[in-house]
Amino acid sequence: MLGIYCRTSKQRDEKYTLESQKSGGIKCAQELGLEYIIYVDDGISGTKDEHIRDGLSMLFSDMKKNRLTAVYCYDQGRIERENGIWDVFQMLCFLFS
């Protein structure tokens, strides 16, 4: 199962629309032959942690439950704008892979 994480911030840059992020993730899932789940945080800063970002919180929860075998994100900046959040993501990838 592929987890597709999509996030926009209040500064909506057209190259990061939710639709473009979703379609890239779905295309990746199809190429890999995987089912997928989409997690969305709309209009929330990447500096906020998973306690503020429901989509990220659900992604982390599903990673802990070994529900996912892979994660797709348009770029690292969609997951985080703070190193601590990236550290948590990497730890979950390592511990639950």
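Structure first, text after, so check above.
Residues numbered from 1 in each chain as written. Predicted model: local features only at pLDDT ≥ 70, side-chain atom pairs only at ≥ 80, totals over all residues. Heavy atoms only, no water.

**Digging into the overall build of the protein**
To keep things clear, this is the line we draw: Strands here are runs of E lasting at least two residues and helices are runs of H or I lasting at least four, both read from the DSSP assignment and numbered beginning at the N terminus. Residue burial is assigned from relative accessible area. The probe radius is 1.4 Å, only protein chains are included, and a residue is buried under 20% of its type maximum, exposed over 50%, and partly exposed in between. Surface accessibility follows the Shrake-Rupley procedure with a 1.4 Å probe radius. Residue values consider only the protein chains on display as shielding. When charges are counted, neither His nor the chain ends are considered; positive counts come from Lys and Arg and negative counts from Asp and Glu. The atom standing in for a charge is NZ when the residue is Lys, CZ when it is Arg, CG when it is Asp and CD when it is Glu.
When its secondary structure is counted, the protein shows four helices and three strands. In sequence order, the secondary structure elements of the protein are arranged as β-α-β-α-β-α-α. Taking the principal axes of the C-alpha coordinates as reference, the protein spans close to 35 × 25 × 20 Å. Out of the 97 residues belonging to the protein, those deemed buried represent 38%. For the protein, the exposed surface amounts to about 5,800 Å²; the carbon and sulfur share of it is 50%. Averaged over its 13 positive side-chain charges, the protein has a centre that lies 2 Å from the centre of its 15 negative ones.

**Structural notes on the packing of aromatic side chains**
The following threshold applies: Each pair of aromatic rings taken from Phe, Tyr and Trp, with Trp reduced to its six-membered ring, is defined by centres within 6.5 Å and is described as stacked if the planes are under 30 degrees apart, edge-to-face if over 60, and tilted in the remaining cases.
In this structure the tally under the stated criterion is one aromatic pair. Aromatic side chains Trp86 and Phe89 sit 5.1 Å apart centroid to centroid with 35° between the ring planes, which places their arrangement in the tilted category. Of this pair, Trp86 and Phe89 both sit in helix 4 (residues 83-95), three residues apart, which is roughly one turn of the helix.

**With respect to the pattern of salt bridges**
Inclusion rule: Should a side-chain nitrogen of Lys or Arg be within 4 Å of a carboxyl oxygen of Asp or Glu, the pair is scored as a salt bridge.
Taken as a whole, this structure holds four salt bridges when the rule is applied. Note that Asp41 is salt-bridged to Arg53, the shortest N-O span being 3.8 Å. With a gap of twelve residues between them, Asp41 in strand 2 (residues 36-41) and Arg53 in the loop between strand 2 and helix 2 (54-64) connect regions that are remote in the sequence. The pair Asp41 / Arg53 is uniform in exposure class, with both members buried. Between Arg78 and Asp75 there is a salt bridge, with the nearest N and O atoms lying 3.7 Å from each other.

**What to know about helix 4**
Note the following rule: A helix is expected to reach a length of 1.5 Å times the quantity of its residues less one. Regarding the arc, it is the one traced by the directions from the helix axis to the C-beta atoms. By definition, residues are in contact when any of their heavy atoms lie within 4.5 Å.
Taking 1.5 Å per residue as the helical rise, helix 4 with its 13 residues ought to reach 18 Å, and the 18 Å between its terminal C-alpha atoms agrees with that figure. Among the residues of helix 4, those classed as buried are Ile85, Phe89 and Leu92. Relative to the axis of helix 4, the buried residues are bounded by an arc of 65° and lie together on one face. Among the exposed residues of helix 4, those oriented more than 90 degrees off its buried face are Asn83 and Phe94. Residues of helix 4 that are buried in the fold lie against helix 2, strand 3 (70-73) and helix 3 (76-79).

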